[in-house]
Amino acid sequence: MARIFGHIITVFTMVVIVGLGVALGFSLAETINVQSQENFREFTPALPTKILDVNGIVVTEFSADEKRELVTLSELPRHLIDAVLAREDPKFYSHRGYSIRGIGRAVYGQLTGQNLGGGSTITQQVAGTLYTNRAEKTVSRKIRELWWAIQMERRYTKNEIMEIYLNYMYMGPGVYGVEAASKYFFGHSARELTLAESALLVIQLSSPARYNPLDNPNVARGRQEAVLNRMIMFGSTTREEADFSMHEYWDNYDYTRASVAAYYQRDDAAPWFSEYVRRELDSLMYGTMDYYRDGYTVYTTLDLNHQNAAERFMQQGLARANREFAAANSNTRLMQTEDQIIPIINLLSLCFDMNGLNETTARNPTEQRAVNRYIKTLNPAVDMAAAIFGIPELKIITGTAFNDMAKIAQQNIVEGALICIENDTGRITAIIGGSKFDSTNQLIRATQAKIMPGSAFKPLYYSAAIDSRLFTATTLLYDVPIVFHTEDGKPYLPINYSGGWKGPLLLYEALATSLNIPALQILDTIGFDAAINRSAALLGITDPAAIRKTFPRVYPLGLGISSVSPLQMARAFAIFANQGREVTPFAIRSVEDRTGRVVLDLERDIREEKLRNGSQQQVISPQNAYIMTNLLKKTIDIGTLASGSGYGSKLVFSDADGKKFRMPAAGKTGTTQDWADAWAVGYTAYYTIAVWFGFDKPGNTLGTHLSGAALSGPVWGDLIREIHQNLPFRDFVRPTSGIIDVTVCAKSGLLKTSACNQGEVTMPFLEGTQPQQYCTIHSASPALIAESRIQPMRTDALALESDSLVYGLTMPTLPAILTGISAPAEVEDDFYDFSFPAYNPLLD
């Protein structure tokens, strides 16, 4: 009976084969000029897009679902070819593209429900992958595959087919071809594959998901041994060589490594910048080009020297911020993981005799230490146990639980962002989008986040104040308690960062030391329209609806409550540095296809557009930009960026002759309400840098000790110092007309007299706005001084409606001369000596 059944199966198999032959014959008969090479589709493999920095250094490659690197057959080790032949097609070099025996075996296996292997040769696998949809399980698809295999055998040599096979086939999560697969699984080129690695790589060809050694090491090891046994059977290697290579590989195997898509495993020298470029390419090339497969070369504006330095300094700042934030909050935050994680840690420590783990959790029952211990010790142990004992569910459960816990912890993590722009061109030379780029942290905060800039916003409308000609760099302002009234009549009482007042002072001092009351006096005088229009122009916001949404017409606007990105802030300050001309930040210079043809030239397009715009590219006048730069230079000299710049030491360089010089720089810091965000934005004639630290979720505070001046300022200063090494001295360009420098009394802001003995300051003025009056403080009688200076302070703003406001104020102690009490003549010289807390440059 068995013999009869066997005959029946044999006859049926022959009928199927004959049927396939007939169908193939009809296909060949209906194909016109099948022997003509012109009708044979050329093999064009998918290639990754290369991202280059400004110096031509490869930053990374984009391949999305395909990571592929071509390699020639002659470069590969012989044992890899032998492994492929042993596993997939031992008679590859002798058949004509198909195997009757293989087809018959596959048909018999399908009919009997047995897994006897596939019937496709290597040539058929290549043909099926290139010219058919292998997901289609139909006879017609197999016929097309067979036909194309025959055509490939007629067109290509065996070695050429093998080379296509090894470069094109899918071999793992997001990787194609042996070169990319070798780098993904083993961390080195396929040229360096060992015997055991070759066998492990070959089994990926049949089932990359099932035989992935990162997910199923035990299953993969069994199939690897089977391949090596076949190689021994065919005489490709010896038992001793196979055993030695197996032991060498598995004795050093990392069971804790996770299997993730190749996109996140790729080498990337600047992941935040690369991701920004990728999104720009998505926008620029959508629907017309496939940059994942077509092998483009993207020339970017990135300077890896800038990027590496930015990464280093930002990591230092983030480490400090998180360390100090955790220390300040450790006594008030309860353990969210203590009840859940520590018992698990203790249990595993007992089961696996991990005493150190148990002792650590007993000594350090705090959230952060427990989480760190889980990440570094417990989680790898669980993953290894799941892999060794074949319990994938354990890895999934622990991973899910930890991810939920990580989301909660994320709310208490200080994040940061940085962006650096070349002022003349708009080239973005560095981007830091957050603490660490990975699959769960891809918000590019430097370009995407909308954050309140705090006092860093003030220079934007100070620029409008200068153009109003109602204010100059030395206008005398009064930092005293003032109640402002909103349009609906509600009172608004601002306070300074330090909580006190400094009395009368000049405009440049008020900006440098980041005082709020003088800033709002300026805003109140020039009006919301002028302030908003100028701020929107500098930030590059042109849509009327966006302007209305971004800039509320309330007094806190002047304290930086508008939500903007670090990129927008950097652009605004770069305009000051660029003589008031528009700065268009960009990251992609040009794009070439795989043949070297330029398909996009964005840098040229931006340059030509600016030439077409002519004078319209002038956002503010060169005179206004020059005055604003001089105002912001004072922030580094006497204000909130003094400490961050090392009190000027980080700006000192040496020229080619060894002569020291100080690079001119300007900037501003900012700290938002409740110290939630810390900013520093500053520039030289070369570059503008914006730095931000804060939280993704509202409700947390960095603390009074982590202001923009204290936290962001040093990072800004360190990067400024690093990227200006070996650059020659360069000052900000002074306009040839419309500006006049005047030396004035440092106390009154008016022209000096011989009696002025409390310092002087030289500042630029718009021509026609320079002081015309001589100092009255040091040349008039005490009574006149008292009357002329006390009168502006007599304002109805002090008629407070609420007793709580009155009792909450700390009024300055006025000199006797201002109270009508007689005083010695020398009191004149102490006119401005109010008893306020000493200015702290770390506060803003």
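K.L.:
Quick question: what am I supposed to make of the overall build of the chain here?
P.N.:
Check the secondary structure of the chain and you find 28 helices and 21 strands. Looking at the chain as a whole, 52% of its 844 residues qualify as buried. Long-range contacts, defined here as pairs at least 24 residues apart, represent 72% of the contacts in the chain between residues at least 6 apart.

K.L.:
Explanation requested: the sheet that holds strand S1 (residues 49-52) in the structure shown.
P.N.:
The strands that make up a sheet pair up through hydrogen bonds in the backbone, lying either parallel or antiparallel. Spatially, S2-S1-S6-S13-S14 is the arrangement adopted by the five strands of the open sheet, whose pairing is mixed. Only two strands of the sheet have a single neighbouring strand rather than two, namely strand S2 (58-62) and strand S14 (598-601). The average angle at which neighbouring strand axes cross in this sheet is 20°, direction not considered.

K.L.:
For this particular structure, what's the right way to read the side chain of Glu61?
P.N.:
Looking at where Glu61 falls in the secondary structure, it is placed in strand S2. The class of Glu61 is buried, set by a relative accessible area of 12%. There is a polar contact of 2.5 Å between the side chain of Glu61 and the side chain of Lys50.

K.L.:
Explanation requested: the pattern of salt bridges in the structure shown.
P.N.:
Pairing is possible between side chains of opposite charge, provided their charged atoms come close. Per the counting criterion, the structure on display carries 27 salt bridges. A salt bridge links Arg87 to Glu88; its shortest N-O distance comes to 3.8 Å. By relative accessible area, Arg87 is classed as partly exposed at 23%. A salt bridge links Arg320 to Glu324, with the shortest nitrogen-to-oxygen separation between them at 3.0 Å. Of this pair, Arg320 and Glu324 both sit in helix H13 (residues 304-329), separated by four residues, roughly a single helical turn. Judged by its relative accessible area of 23%, Glu324 is partly exposed.

K.L.:
Just checking my understanding: could you explain the confidence of the model for the chain for this structure?
P.N.:
Any residue range with low pLDDT should be treated as having predicted coordinates unsuitable for detailed reading. Put simply, the chain has an average pLDDT of 79, and 70% of its residues get 70 or more. In the model, residues 331-338 has pLDDT below 50 throughout and makes 16 contacts with residues more than four positions away in sequence or in other chains. Across residues 791-843, confidence stays below pLDDT 50; counting only partners more than four residues off in sequence or on other chains, it has 81 contacts.

K.L.:
Can you help me understand the sheet that holds strand S18 (residues 678-683) in this one?
P.N.:
With respect to topology, five strands assemble into an open sheet ordered S8-S7-S19-S18-S17, the strand pairing being antiparallel. Edge strands, defined here as strands with exactly one partner in the open sheet, are strand S8 (428-432) and strand S17 (666-671). Strand-to-strand, the axes of this sheet are offset by a mean angle of 5°, without reference to chain direction. In this sheet, strand S19 (residues 687-694) lies alongside strand S7 (residues 415-422) in antiparallel orientation, the contact comprising eight bridges.

K.L.:
What is the right way to read the pairing of S14 from this model?
P.N.:
Two faces, one strand: in a regular strand the side chains alternate between the faces of the sheet. When strand S13 (residues 588-592) meets S14, the two strands line up antiparallel, connected through three bridges. Paired with Ser590 across the strands is Asp601, a residue of S14. Hairpin geometry of S13 and S14 is characterised by an intervening segment of five residues between the two adjacent antiparallel strands and by a positive phi of about 95° at Gly596.

K.L.:
I'm lost on the packing of aromatic side chains in this one. Help?
P.N.:
Each aromatic ring pair is characterised by the separation of its centres together with the angle its planes make. Here the structure, examined in full by the defined rule, presents 21 aromatic pairs. Between Phe457 and Tyr461, the ring centres sit 6.0 Å apart and the planes meet at 50°, which makes this aromatic pair tilted. Note on Tyr461: relative accessible area 1%, which makes it buried. Ring geometry for Phe457 and Phe551: centres 6.3 Å apart, planes at 35°, overall tilted. Taken as a pair, Phe457 in the loop between S8 and helix H18 (458-468) and Phe551 in the loop between helix H22 (544-550) and helix H23 (566-577) lie far apart in primary sequence, 94 residues in all. Here the aromatic cluster, defined as three or more aromatic residues joined through ring pairs, consists of Tyr184, Phe185, Phe186, Tyr249, Trp250 and Tyr253. Directly above the aromatic system of Phe313 lies the positively charged group of Arg312, at a separation of 4.8 Å from the ring centroid. When the ring centre of Tyr686 is taken as origin, the NZ or CZ atom of Arg730, which lies over that ring, is 5.1 Å away.

K.L.:
Mind showing me how you'd approach the packing of H13 against helix H26 (residues 708-723) here?
P.N.:
Any two packed helices are characterised by how steeply their axes cross, that is the angle between the axes, and by the distance between the axes. Where H13 meets H26, the closest approach of the two axes is 10 Å, and the angle between their N-to-C directions is 160°. By the angle between their axes, H13 is roughly antiparallel relative to H26. Where H13 crosses over H26, the two elements pack in a sense that is right-handed. Residues His306, Ala309, Ala310, Arg312, Phe313, Met314, Gly317, Arg320 and Ala321 of H13 form the contact with H26, whose own contacting residues are Ala710, Leu711, Val715, Asp718, Leu719, Arg721, Glu722 and Ile723. Residue composition of the contact of H13 with H26, by class: 10 nonpolar, two polar and five charged.

K.L.:
Would you mind showing me how to read the environment of Tyr170 here?
P.N.:
Checked against the element boundaries, Tyr170 lands in strand S4 (residues 170-172). With 36 residues separating them in the primary sequence, Tyr170 and Ser206 have C-alpha atoms 9.3 Å apart. Every residue in contact with Tyr170, bar those within four places of it in the chain, is listed here: Val175, Tyr176, Gln204, Leu205 and Pro208.

K.L.:
Looking at this model, I keep getting lost on helix H7 (residues 178-186). Mind explaining?
P.N.:
Each α-helix winds once per 3.6 residues, and so residues spaced three or four apart point in a common direction. With eight of nine residues buried, H7 is to be regarded as a mostly interior element. Of all the residues in H7, the buried ones are Val178, Glu179, Ala180, Ala181, Ser182, Tyr184, Phe185 and Phe186. Count one or two residues on from H7 and you reach Gly187, which has phi positive near 80°.

K.L.:
Whenever I open this one, H13 confuses me. Can you help?
P.N.:
With 26 residues, H13 extends 37 Å between its outermost C-alpha atoms, agreeing within 8% with the 38 Å of an ideal straight helix rising 1.5 Å per residue. Residues Leu304, His306, Gln307, Ala309, Ala310, Phe313, Met314, Gly317, Leu318, Ala321, Phe325 and Asn329 constitute the buried set of H13. On the buried face of H13, the contacting elements are S2, helix H12 (271-285), S7, S8, S19 and H26. Residue Asp303 occupies the N-cap position of H13, its side-chain oxygen lying 2.9 Å from the main-chain nitrogen of Asn305.

K.L.:
I keep staring at the packing of helix H8 (residues 195-202) against helix H10 (residues 239-251) and nothing clicks. Help me out?
P.N.:
Two numbers describe how H8 lies on H10: the axes approach to 7 Å, and their chain directions differ by 80°. With respect to H10, the axis of H8 lies roughly perpendicular. Contact residues: Leu195, Ala196, Glu197 and Leu200 in H8; Glu241, Ala242, Ser245, Met246 and Tyr249 in H10.

K.L.:
Honestly, unusual backbone geometry in this entry has me stumped. Any pointers?
P.N.:
A negative phi holds for most residues other than glycine; trans holds for most peptide bonds. Phi at Ser514 takes a positive value of approximately 60°, unusual for a residue other than glycine. By the element assignment, Ser514 lies in the loop between helix H19 (507-512) and helix H20 (516-526). In this structure, Asp674 is a non-glycine residue whose phi angle is positive, near 65°. Structurally, Asp674 is set in the loop between S17 and S18.

K.L.:
Help me out: how do you make sense of the side chain of Thr672 in this one?
P.N.:
Mapped onto the fold, Thr672 is located in the loop between S17 and S18. Of note is the side chain of Thr672, whose polar atom sits 3.0 Å from the backbone nitrogen of Asp677. Those residues in contact with Thr672 that sit more than four places away from it in its chain are Met452, Pro453, Gly454 and Asp677.

Conventions and cut-offs
Residues numbered from 1 in each chain as written. Predicted model: local features only at pLDDT ≥ 70, side-chain atom pairs only at ≥ 80, totals over all residues. Heavy atoms only, no water. Helix = DSSP H or I, 4+ residues; strand = E, 2+ residues; numbered from the N terminus. Buried < 20%, exposed > 50% of the residue type's maximum accessible area, 1.4 Å probe, protein only. Contact = heavy atoms within 4.5 Å. Pairing = 2+ DSSP bridges. Axes fitted to C-alpha atoms, helices over the stretch in contact; angles between N-to-C directions. Polar contact = N/O pair within 3.5 Å; in protein donor to acceptor, adjacent residues only side chain to side chain. Salt bridge = Lys/Arg side-chain N within 4 Å of Asp/Glu carboxyl O. pLDDT = per-residue confidence, 0-100. Phe/Tyr/Trp six-rings, centres within 6.5 Å; stacked < 30°, edge-to-face > 60°. Lys NZ or Arg CZ within 6 Å of the ring centre and 35° of its normal. Parallel < 35°, antiparallel > 145°, perpendicular 65-115°, else oblique. Left-handed = near helix turned anticlockwise from the far one by under 90°. Nonpolar A, V, L, I, M, F, W, Y, C, P; charged D, E, K, R; others polar. Expected span 1.5 Å × (residues − 1).

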